[in-house]
Structure formats: structure tokens, C-alpha cells
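So the chains spell out like this:
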Amino acid sequence: MGQDLLAELAVGARTSLFIGIASAILAVFIGGLIGVLAGYIGGRFETVVLRIIDIVLTLPFLPLMIVVAVYMGAGIFTLVFVITLVMWAGKARQIRAQTLSIKHTGPVLAAKTMGASHFYIFYKHIIPGVVPIFIPQFVTGVNAAILMESSLSFLGMGDPLTKSWGSILFYANSRSAFLTEAWMWWIIPPGVCIVIVVLAFSLMGYYLEERFNPRLGDYSVREKRKKQLVKTKEHHSSKGVLLSVESLTVAYPKSGDYRSVVDDISFAVKNGEVLGIVGESGSGKSTIATAIIQQLKRPAKESGEIYFEGNLVQHFDDEGLRQMRGKEIGYIAQAAMNALNPVIRIDKQLQEAIRAHYQLSAKVMDERVVEVLQKVGLDEKWRFAYPHELSGGMKQRVIIAMALINKPKLVIADEPTTGLDAIVQVEIVQLLRKLQKELGISMIYISHDLPSVLSVTDRLMIMKEGRKVDEGPSVELSKLSTNPYTRVLIDSIPTLYPKKETVEVSR
Ligand SMILES: Nc1ncnc2c1ncn2[C@@H]1O[C@H](COP(=O)(O)OP(=O)(O)OP(=O)(O)O)[C@@H](O)[C@H]1O
């Protein structure tokens, strides 16, 4: 008795696609709901959910199916049930990760700071951010479910009364089609159908994943960003602004809540300008510096916008940030001289800073090391020394050389004279000013010591308890400011620091 294999193939398509689509919808819905709730609520609930996900992901698929099929009876709905049971956990994990990344973005932080309800945050921020990745999750889910269905049906665990591509293969196998000429008509067509559909869903899934999953580089968002960057660039470049910080707020957890350590700070640094940031210890100066280079420590929450050369740094990917740090922006961290590696020669450490961004020959790198050491007032012979052979002032000069070696456009110097004696402090301050002028770079000079800052900077921003309390051109501010806090700082100026531009750099 003959069999209409083409009709079986067509009916089989309906069953395979139904199982694939139904299982994917259920898995994405259940996984999505659990993932979003775990990511948003966090705490113990998230820990418990993550442990359950781990357990589910380690469940052996085939033995599970056999047990469930024996218990429920083989059939389409058993297949949908088992495939959903296996798939939801992976979806939940990915959607939780996406929820977490949205939960810590500026807009959500700002909404929380404004006292927005959980419903509002969910509805306005979390759901619109998460839903786009449901689409690729669904497509890749259909793909996986069709493969699972085919495998299970081929092993005889599908519905005996319904034809699917997998069950066609099962019957072909049980009637020895692999050993006769029947394989051409009985095995190849359903096999090719499975391959084509799985391949098509895979390709569609990859495309949609790239398009909608921000972690892989969102197409549309990237386009929007490009437009936004161009617009911002035009906006700032016309004013010669290199760095622009707008409404920056940084908060850290404290007593079960988040407390702002930098509160709604805005400022700009123009090309070739030196901005001083002054404030007592703990006023948030270093936090601003680390926010600019996007190296705030977890669990800091940041909101506001930071533009470097008109580009929003919060939108830079890892490579963009890496390029910015050390190449576009040189950073002299607090007490950085103590971070020099004691067992590596100075030249090697400087070359490492070059190698992070450029591929140059050993000879060219050595030339650059010599050049930069001369710039910072160190004889070239010191490049063969180890850090312990240098004095504090010399080590700090090496640190400045390291910040300058890739010719950055902006240098952030965070308390660059910490730990040095008073005379060396003056030398370092004057050296920084001289180099800044010579190289035409911009600089942010951070200090709690107003006198040292006055001699270096064009403009000053005074901070207190995370807020900006005063700002203006250094000379005017020092003479004319009526702000009581600024006046206290001005009145404490000793005479050690000479007036601007009157001291030669001693070497
Ligand atoms: N990782 C962190 N976790 C929690 N709080 C932090 C963290 N880093 C900084 N803070 C807090 O943020 C506030 C600002 O710190 P920041 O280092 O920016 O101040 P600063 O003005 O640079 O002080 P200093 O001159 O002493 O370095 C401080 O109250 C500090 O305790």
C-alpha cells in the first residue's frame, strides 16, 4: 500500500511549526516574566530564582521527557510542556540580565530620585527596554523547539497519531528506509525541511538579536546615537568645548537606600583650558573624575550626561572607552606614584602605556619614552631605573609622563601632589602648568588645596558635600567671590605658592 509522502510532509510542517511556536511563546512568556521580576526585585527573590534556573538548566532533557511522557502520555501537549520546561530557564536568565542593565541606567535612577512608583518605572522604562529582546528570544526559541520536537519524535516519543517531520523520520526508520531505496523519498525530504526551517529561524534569530539586543550593538539605537552624536558635536564644537558634564549625579548605597555623593553637577572644559575642582575631602571630586572616564565602582548609580568631543561617553562601548582612557584622556590618579610596579623598569612601564594603544617598534617607543621623560624634567638615564631608585617627586614625574605619553587632549590630575613635600609640590604644580601650555592640552586639576590650584587654573569650580557651590575664572573668583565657603578657602591661602606664572620650573 502506497503512502502520500508529500501530504505527510505538509501535515508534518503544521505539527512541527505548531509545537515550535507554542513552546517558544510559552518559554519566552514564562521566562520573561520570571526574569524581569528577578532582575527588578533583586535580593533574596533573585537569588532563589537564579538557583532554580541553575537546577533547571542542568536537568537532563531526554530522561526528563521519558518520565513526563510515561506520566502524561505521549502527545503534542506533552512535547510542548517538556520543551517549555527545558527552555524557559535560559530565557529567564537572559531577560533578567537585560532588566538589570536597564535598572541601573540614568533615566531609571532619575525616575527613582523623583519618587516615581514601581508601576511607573516598570511601565515607562523596564518594559520598553526588555520587550525588544523578546522577539529574538522567541525566534531562537522556535528554532530550538523544532529541533527538540524532531529529535523526540524520531526517538518515538512524539504523538503516535499525529504526523510531524520527526515522526515521519521515526516511521521511516522503523520500516528500514535507511537500508532501502526508500530513504530518497522518505528521509531526505523531512530532513531537508527541518534543516531549512531551523537554518531560516537561526539566521532570522541572529539578525533580530543583533538588531534588538543592545548588548550586541543595537542597530537602530546605534543609528539614533550616530545622529545624536553628530548633533551634539556640532553643538559643542562651535563653542570649542572639549568636555561637557551635564547634570551629573552619582549615588552610592547607604543605610538601605542610595545617597548622592555628586549631586546635579554641570560644567564644561574648553580646548586648552585648565579647570580646577576644589573642595574638602569627601566632597565628590574624585567621583567626578572617575565618572568622566566611566570607571565608577559598583554599585554606584550614575545619571546625567558626559560628552567628550561632543560624544556621549555613556554610549561608548568597551573598546571606545578603552581608546578614550589613556589615549584621549590622560589620568593621574590620587597617589598613583605608589602604583608603579616595583619590579619593572621605568621604560618598560612607559612602553606598556604606549603599547595599550599603538603598535610601534621598540626603537620608536624608546624615542618616545626619552622625549616624554625630558618633557617632565627627568634625565633619560632614569628610564633604566626601578621605581625604588627614584624620589617621590621623580616618581610623580614618571606618572605625569605616563599620562602624557599618548598625547591626550585632556589630562585629569587628581591631587597630583599628595604625599610630596611642600617644595616638590610647587615644582609638580608648575610642571603641570608648563606642560599644559606647551602641549596645548586641556586639564582638570583636582585638589582640596585652593592655593595650589589657583596658580595652575584658568577657571575654578568649588564643591561642598557633592554640590557645586561656586564657579568662575580663577583670578576673579579669588578676588571677587562673595560665596562664604569660597571666601573661607581664599582666606586660608598661605604665601608658599607664588603668584601665577612667576615661578620657573626647577629640575
Ligand atoms: N565605592 C564607594 N562606595 C561608597 N561610597 C563611596 C565610594 N567611593 C566614594 N564614596 C563616597 O563618595 C563621597 C565622595 O568621595 P570622593 O572620593 O569623590 O571625594 P573627594 O572629594 O575626592 O575626597 P578626597 O579628596 O578625600 O579624595 C565620599 O563620601 C565617599 O565616602
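Above this text sits the structure in question.
Here's a quick rundown of the structure. On a predicted model such as this, the values are computed, not experimentally measured, just so you know. Within every chain, residues take consecutive numbers counted from 1 along the sequence as written. Totals for whole chains, interfaces and linings use all residues, but because this is a predicted model, local features are given only for residues with pLDDT of at least 70 and pairs of side-chain atoms are given and counted only at 80 or more. Excluded from the side-chain calculation are hydrogens and water; included are all heavy atoms of the structure.

**With respect to the overall build of the protein**
Looking only at helices and strands, the protein has 19 helices and 10 strands in total. For the protein, the proportion of its 507 residues judged to be buried stands at 47%. In the protein, the proportion of contacts linking residues at least 24 apart, taken out of those at least 6 apart, comes to 71%. Here the Shrake-Rupley method, with its probe set to 1.4 Å, supplies the accessible areas, and only the displayed protein chains count as covering residues. Total accessible area computed for the protein in this model is approximately 25,200 Å², and 62% of it derives from carbon and sulfur atoms. Under the scheme used here, helices are H or I runs from DSSP no shorter than 4 residues and strands are E runs no shorter than 2 residues, and both carry numbers assigned from the N terminus. Burial classification: accessible surface area is computed with a 1.4 Å probe over protein chains only, and a residue below 20% of its type maximum counts as buried, one above 50% as exposed, and the rest as partly exposed. In what follows, residue pairs with any heavy atoms lying within 4.5 Å of each other are defined as contacts.

**Things to note about the pattern of salt bridges**
The salt bridge criterion pairs a side-chain nitrogen of Lys or Arg with a carboxyl oxygen of Asp or Glu, the two atoms within 4 Å. Taken as a whole, this structure holds 20 salt bridges when the rule is applied. A salt bridge links E352 to R355; the nearest nitrogen and oxygen atoms lie 3.0 Å apart. Linking E352 with R355, this pair stays in helix α13 (residues 346-355), spanning three residues, or about one helical turn. Looking at E352, the relative accessible area reads 45%, which means it is partly exposed. Connected through salt bridges with shared partners, the residues E273, R459, K468 and E471 form a single ionic network.

**Some details on unusual backbone geometry**
Despite not being glycine, Q294 shows a phi value in the positive range, around 55°. One non-glycine residue, E309, lies in positive phi territory at about 50°. With respect to the helices, strands and loops of the structure, E309 is situated in the loop between β4 (301-308) and β5 (311-312).

**Digging into the sheet that holds strand β1 (residues 241-254)**
As a general point, the strands of a sheet are linked pairwise by backbone hydrogen bonds and lie either parallel or antiparallel. For two strands to count as paired, DSSP must find a minimum of two bridges between them. Strands sit in the order β2-β1-β4-β5 across an open sheet of four strands; the sheet is antiparallel. Among the strands making up the open sheet, the edge pair consists of β2 (257-270) and β5. With two bridges joining them, β4 and β5 adopt antiparallel strand pairing. By the bridge assignment, Y307 is partnered in β5 with L312.

**Comments concerning the site of the ligand**
Definition of nearness: a residue and a molecule or strand are near each other if at least one heavy atom of the residue lies within 4 Å of the molecule or strand. Taken together, 13 residues form the shell around the ligand, and within it S281, G282, S286, T287 and Q334 come nearest. Polar contacts here mean pairs of N or O atoms no more than 3.5 Å apart (in protein, one a potential hydrogen donor and the other a potential acceptor; neighbouring residues in sequence count only if both atoms are side-chain atoms). Contact between the ligand and S281: an oxygen atom at 2.5 Å from a side-chain N or O atom of the residue. Elements that contribute at least two residues to the shell around the ligand include exactly β2 and α11 (285-292). Charged residues are taken to be Asp, Glu, Lys and Arg, nonpolar residues to be Ala, Val, Leu, Ile, Met, Phe, Trp, Tyr, Cys and Pro, and polar residues to be all remaining types, Gly included. The class makeup of the residues in the shell around the ligand is two nonpolar, seven polar and four charged.

The values are spatial; any link to function lies outside them.
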